[in-house]
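# A closer look at the structure
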Amino acid sequence: SVGKGLHGMVLKSEFGSDLFVLNSLIHFYGECGCFDMAYRVFMSMPKRDVVSWNSMIVGLAQGGYAEESLDLFFRMEGENVRPNDVTMIGVLSACAKNLDLELGRSMHLYIRRNGIKESLVLNNAILDMYVKCGSMEDAKRLFDKMGVKDIISWTTMLVGYTKVGDFSAASSLFDTMPCQDIAAWNALISAYEQNGNPKEALATFNELQLRKEAKPDAVTLVCALSACAQLGAIDLGGWIHVYINKHGINLNCHLTTALIDMYSKCGDLEKALEVFHSVDNRDVFVWSAMIAGFAMHGRGREAIGLFLKMQEAKVKPNSVTFTNLLSACSHSGLVDSGRGIFNQMESVFGVV
């Protein structure tokens, strides 16, 4: 609202056609997610430079409007405005979001053919595009050619190998990394945990603890707790809970959900409830995890009771909540309650 007020001042002043001010307005609206307003400013400009185009292309790509971002790039070309490395970062981001490998490859070729300055940031964007589009061959070819690499380059490759399930290549790459920061450790632990290798996830977590090169953060602990839940490793899960309290780590919604899930799956529902009641900030996933805990322990009526309290707290349920609720009714033989919840899902809560 303050920015809109400033926009009004711009229009009333002599800055209404100032290129720098108008470019800043496009950037402002893009950052706020108001792409209609950004586009209106863009279209009303008496003159546009490459920054004007970049602000729209990058803003749209980052805001999830990949098709619109690419359309604008081709319009930019049609108006003979020469793109630069910033333009191409936006275009590559749009290709990655669309999972359009062929267009991404042609954009990589376009960069070379048009002599666009290849910076580390641009190379990382190309690398990210190849990884997200699932082409590790293209990614490795570029990675090996890169004269300068940073932690983002290495971590992007690491994530790529884990995404395609090549844990051997991921592990080898991790061992050769010049700097193993916590983001790199998280990528490896998370990959093992999410791909059904909880033992390897916890082994990597233990190695992180022994090496003491990087300090675990909330992401590390969520992944480790999820691995504990898969294995029923309540001792290690409890140790992580103590570690969180001892180091004063903020119990955000992700960590709270992971702790409730771990204790529930490891058979200690009372401890899960203790965690649930110990926090004031509860999002839909925290509530849903606790409902799931009741469900897996056959306490369907308590799950329904918690759902009613969730509504009192004005937290909107989602599909996860209803999956857990219906599961609770199933385990407890609550057919009528389950039918009632099912009938309310779409009509009352808008969950199809």
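So, here's what we can say about the structure. (Residues numbered from 1 in each chain as written. Predicted model: local features only at pLDDT ≥ 70, side-chain atom pairs only at ≥ 80, totals over all residues. Heavy atoms only, no water.)

### Quick word on the overall build of the protein
Rules: Strands here are runs of E lasting at least two residues and helices are runs of H or I lasting at least four, both read from the DSSP assignment and numbered beginning at the N terminus. In this scheme, a residue with accessible area under 20% of its type's maximum is buried, one over 50% is exposed, and one in between is partly exposed, where area comes from a 1.4 Å probe on protein chains only. Each accessible area value is a Shrake-Rupley result obtained with a 1.4 Å probe; residue values ignore everything except the protein chains displayed when judging cover.
Per the secondary structure count, the protein includes 21 helices and zero strands. Principal-axis analysis of the C-alpha atoms places the extent of the protein at approximately 65 × 50 × 35 Å. Each of the 352 residues in the protein was classed as buried or not, and the buried ones make up 47%. A total accessible area of about 17,800 Å² is found for the protein, and carbon and sulfur atoms account for 54% of it.

### So, helix α15 (residues 234-246)
One turn of an α-helix holds 3.6 residues; hence residues three or four places apart share an orientation. Using the following cut-off: Helix span is expected to be 1.5 Å times the residue number reduced by one. Throughout, a contact is declared for two residues whenever any of their heavy atoms are within 4.5 Å.
Along its 13 residues, α15 runs 18 Å from first to last C-alpha, staying within 8% of the 18 Å computed at 1.5 Å per residue. Those residues of α15 not exposed but buried are G237, G238, I240, H241, Y243 and I244. For α15, the elements touching its buried residues are α13 (198-211), α14 (218-231), α16 (253-265) and α17 (269-278). Where α15 ends, the next residue or the one after it, G248, has phi of about 60 degrees, a positive value.

### Here we look at the environment of K271
In this fold, K271 is placed in helix α17. Separated by 260 residues in sequence, K271 and L11 have C-alpha atoms that sit 59 Å apart. In contact with K271, not counting residues within four places along its chain, are H241 and Y263.

### Observations concerning unusual backbone geometry
Of note, the phi angle at N80 is positive, near 55 degrees, even though the residue is not glycine. Examined against the element boundaries, N80 turns out to sit in the loop between α5 (66-78) and α6 (85-98). Take N80: its relative accessible area is 72%, and that puts it in the exposed class.

### Section: the packing of aromatic side chains
Here is the rule we go by: Only centres within 6.5 Å qualify two rings of Phe, Tyr or Trp (six-membered ring in Trp) as a pair; their planes then separate them into stacked at under 30 degrees, edge-to-face at over 60, and tilted for everything else. We count a charge as sitting over a ring when the NZ of a lysine or the CZ of an arginine lies within 6 Å of the ring centre and within 35 degrees of the ring normal.
This model, assessed by the stated rule, comprises 15 aromatic pairs. Plain terms: the ring middles of F205 and W239 are 6.5 Å apart, the flat faces sit at 70 degrees to each other, and that makes the pair edge-to-face. In this pair, F205 is assigned in helix α13 and W239 in helix α15, connecting sequence segments 34 residues apart. The buried category is assigned to F205, whose relative accessible area is 1%. A connected cluster of aromatic rings, assembled from ring pairs, spans Y39, F42 and W53. The ring of F42 is capped by R48, whose NZ or CZ atom sits 4.5 Å from the centre of that ring. The ring centre of F276 lies 4.3 Å from the NZ or CZ of R282, which sits over that ring.

### Section: the nonpolar core
Selection rule: Definition of nonpolar core: a set of buried residues of the types Ala, Val, Leu, Ile, Met, Phe, Trp, Tyr and Cys, connected through side-chain atoms within 4.5 Å.
Counting residues in each nonpolar core, the largest one holds 115 residues, and the members touching the most others are M88, L158 and M290. With near-sequence residues (within four places) excluded, M88 lies in contact with F73, P83, M107, Y110, I111, I116 and L122.

### What about the state of the cysteines?
Going by this rule: Criterion for a disulfide: a pair of cysteine sulfur atoms at a distance within 2.5 Å.
All told, the structure shown has zero disulfides when counted by the stated rule. The thiol of C95 is not disulfide-bonded; the next cysteine sulfur, from C133, is found 7.2 Å away.

### Remarks on the pattern of salt bridges
Side-chain pairs of opposite charge can arise whenever the charged atoms involved come near each other. Rules: Salt bridge criterion: a side-chain nitrogen from Lys or Arg within 4 Å of a carboxyl oxygen from Asp or Glu.
Throughout the structure, instances matching the rule amount to 13 salt bridges. Two residues, K140 and D144, come together in a salt bridge whose shortest N-O distance is 2.7 Å. With K140 and D144 both in helix α9 (residues 136-145), this residue pair falls four residues apart, about one helical turn. What makes D144 partly exposed here is its relative accessible area of 48%. The partner of D261 in a salt bridge is K265, and the shortest N-O contact between them spans 3.2 Å. Of this pair, D261 and K265 both sit in helix α16, four residues apart, roughly one helical turn. Judged by relative accessible area, which is 22%, D261 ranks as partly exposed.

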